[in-house]
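Descriptive structure summary
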Amino acid sequence: MISIEEYKIVESIEEAYELNQSRNNQIIAGMCWVKMQDKRIYTGIDISNLGIDTIEEWDDCFRIGAMTPLRTLETDQRILQHFGNGISESLCHIVGVQFRNCATVGASVFMKFPFSDVVTALLALDAEVELYKKGIVPLREFVKMPLDRDILIRIILKKQNTVMKYLSLRNSYTDFPVLAVAVAQTEHGIQACVGARPQRAELVQDDESIFINGITKENAKVFANFVANKLTFGTNTRGSAEYRKHLCKVLVARGVLALIGDESNEN
């Protein structure tokens, strides 16, 4: 059971940061994961009044506030029109609508959970994070950093010519994924991000020009094998390393073909 001695609604990011430097204090976001812990928090730091709970569209990017609920990101029509339905697909399996109305994008990204659908999808879109002290950092670098006491302010998605497809396999509809895959076609080529391996999500790019002559069923399978061989997989109660590697090949190939509208799932 969690207990909070003092609850503080802060008026600035600076105030939140100063309070958060004590290991006995903690940022309070949607409380969806925090409430499941067995710990004592001296000061719960509420950042809900800081105006970082919306999605802003700028000329060159979308700026997603850290306190934006997952459901808001899932249903945002601007995101859907620009990037396709990949982000929505990555979020729709997370527990239920009520949960996604509470859980925040920032907490999902900051905690870097290995099973995170959110991180897997955003990595494939070359997202960046804005931190109070470290400034703007590519998400691919941020996920490799150790957890610290900095504060995540927002996630930045650049308006590139990018389409992303998201696929996962789960033992039940709202369970954690056995394996999660996001495949994106960006200005720099096709790349795949694989999460729930069960290690943290990792991005693999087509650095061998596999798709130099376009996407076909044959080179989709070649890329899928390339991705699977680049990554390591582990075993837990949801699946073995061998099973996950096989799933990776299947889901990556399907994701690549989905980019050109082929969703027959024959491979």
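Residues numbered from 1 in each chain as written. Predicted model: local features only at pLDDT ≥ 70, side-chain atom pairs only at ≥ 80, totals over all residues. Heavy atoms only, no water.

Moving on, we get to the overall build of the protein. Looking only at helices and strands, one finds 10 helices and 12 strands in the protein. At 19 Å, the protein has a C-alpha radius of gyration in line with the 18 Å of a compact globule built from 267 residues. In terms of principal-axis extent, the alpha carbons of the protein reach across some 60 × 45 × 30 Å. Expressed as a percentage of its 267 residues, the buried residues of the protein come to 51%. For the protein, the share of sequence-separated contacts (at least 6 apart) that also reach a separation of at least 24 residues comes to 60%. In the structure as shown, the protein presents an accessible area of about 12600 Å², 48% of it carried by carbon and sulfur atoms. (Helix = DSSP H or I, 4+ residues; strand = E, 2+ residues; numbered from the N terminus. Rg over C-alpha atoms; globule rule 2.2 N^0.38 Å. Buried < 20%, exposed > 50% of the residue type's maximum accessible area, 1.4 Å probe, protein only. Contact = heavy atoms within 4.5 Å. Areas by Shrake-Rupley, 256 points an atom, 1.4 Å probe, with all protein chains shown as cover.)

In spatial order, the strands read β1-β3-β2; together these 3 strands make up an open sheet with parallel pairing. Of all strands in the sheet, those with a lone pairing partner are β1 (3-9) and β2 (25-28), marking the two edges. Mean inter-strand twist for the sheet, computed between neighbouring axes without regard to direction, equals 30°. Taken strand by strand, helix α1 (residues 13-20) contacts β1, β2 and β3 (40-46), and its axis lies near 140° from that of β2. (Pairing = 2+ DSSP bridges. Axes fitted to C-alpha atoms, helices over the stretch in contact; angles between N-to-C directions.)

Moving on, we come to the pattern of salt bridges. Where charged atoms of side chains with opposite charge meet at close range, the side chains can pair. For the coordinates displayed, the defined rule picks out 16 salt bridges. With a closest N to O distance of 2.6 Å, lysine 159 and glutamate 57 form a salt bridge. Taken together, the residues lysine 159 in the loop between β8 (152-158) and β9 (163-170) and glutamate 57 in strand β4 (residues 55-57) connect sequence positions 102 residues apart. The closest approach of N and O atoms between lysine 158 and glutamate 128, which form a salt bridge, is 3.4 Å. Placement of the pair is lysine 158 in strand β8 and glutamate 128 in strand β6 (residues 128-131), with a sequence separation of 30 residues. You can call glutamate 128 buried: its relative accessible area is 16%. One network of salt bridges, in which partners are shared, links Arg71, Glu74 and Arg100. (Salt bridge = Lys/Arg side-chain N within 4 Å of Asp/Glu carboxyl O.)

Okay, the sheet that holds strand β10 (residues 177-186) next. The strand order β9-β10-β11-β12 describes an open sheet built from 4 strands, whose pairing is antiparallel. The sheet terminates laterally at β9 and β12 (202-205), the two strands that pair on one side only. Averaged over neighbouring strand pairs, the angle between their axes works out to 15° when direction is ignored. Seen against the sheet, helix α9 (residues 217-230) touches β11 (189-195) and β12 and runs at an angle of roughly 135° to β12. Along the sheet, helix α10 (residues 241-258) makes contact with β9, β10 and β11, crossing β10 at roughly 30°.

Summarising the element assignment, aspartate 46 is placed in strand β3. Polar side-chain contacts of aspartate 46 include one of 2.6 Å to the side chain of serine 48. Dropping the residues within four chain positions of it, aspartate 46 is found in contact with Tyr7, Lys8, Ile9, Val10 and Ile28. (Polar contact = N/O pair within 3.5 Å; in protein donor to acceptor, adjacent residues only side chain to side chain.)

With that out of the way, let us pick up the layout of surface pockets. There is about 600 Å³ of room inside the largest pocket. In terms of lining, the largest pocket is formed by 30 residues, of which the most central are Gln26, Ile27, Ala107, Phe110 and Met111. Residue assignment for the lining of the largest pocket shows that the elements contributing at least two residues are β2 and α6 (105-110). Examining the composition of the lining of the largest pocket, we find that 4 residues originate from one element, α6, more than from any other. Its residues placed into classes, the lining of the largest pocket shows 17 nonpolar, 8 polar and 5 charged. Looking at the lining of the second largest pocket, the elements with two or more residues in it are β9 and α10. In terms of residue count, β9 provides more of the lining of the second largest pocket than any other element does, 6 residues in total. (1 Å grid on protein atoms, 1.4 Å probe; cavity = no way out; pocket = protein on both sides within 12 Å on 5 of 7 lines; lining within 4 Å. Points joined across faces, edges and corners; volume = space filled by probe spheres on them. Nonpolar A, V, L, I, M, F, W, Y, C, P; charged D, E, K, R; others polar.)

Taken as a whole and assessed by the stated rule, the structure comprises 0 disulfides. Cysteine 193 takes part in no disulfide bond, and the closest cysteine sulfur, belonging to cysteine 248, lies 10 Å away. (Disulfide = S-S within 2.5 Å.)

Time to look at the nonpolar core. Side chains that are nonpolar tend, in soluble globular proteins, to be buried together. Residues Val109, Val129, Leu139, Ile155, Leu157 and Met164 are the most contacted members of the largest nonpolar core, which totals 53 residues. Looking at this core, the element that brings in the most residues is helix α7 (residues 117-124), giving 6 residues. The residues contacting valine 129, other than those within four sequence positions of it, are Val109, Gly135, Ile136, Val137, Leu139, Phe142, Leu152, Arg154 and Ile155. (Core = buried A, V, L, I, M, F, W, Y, C linked by side-chain atoms within 4.5 Å.)

These figures capture arrangement, not role.
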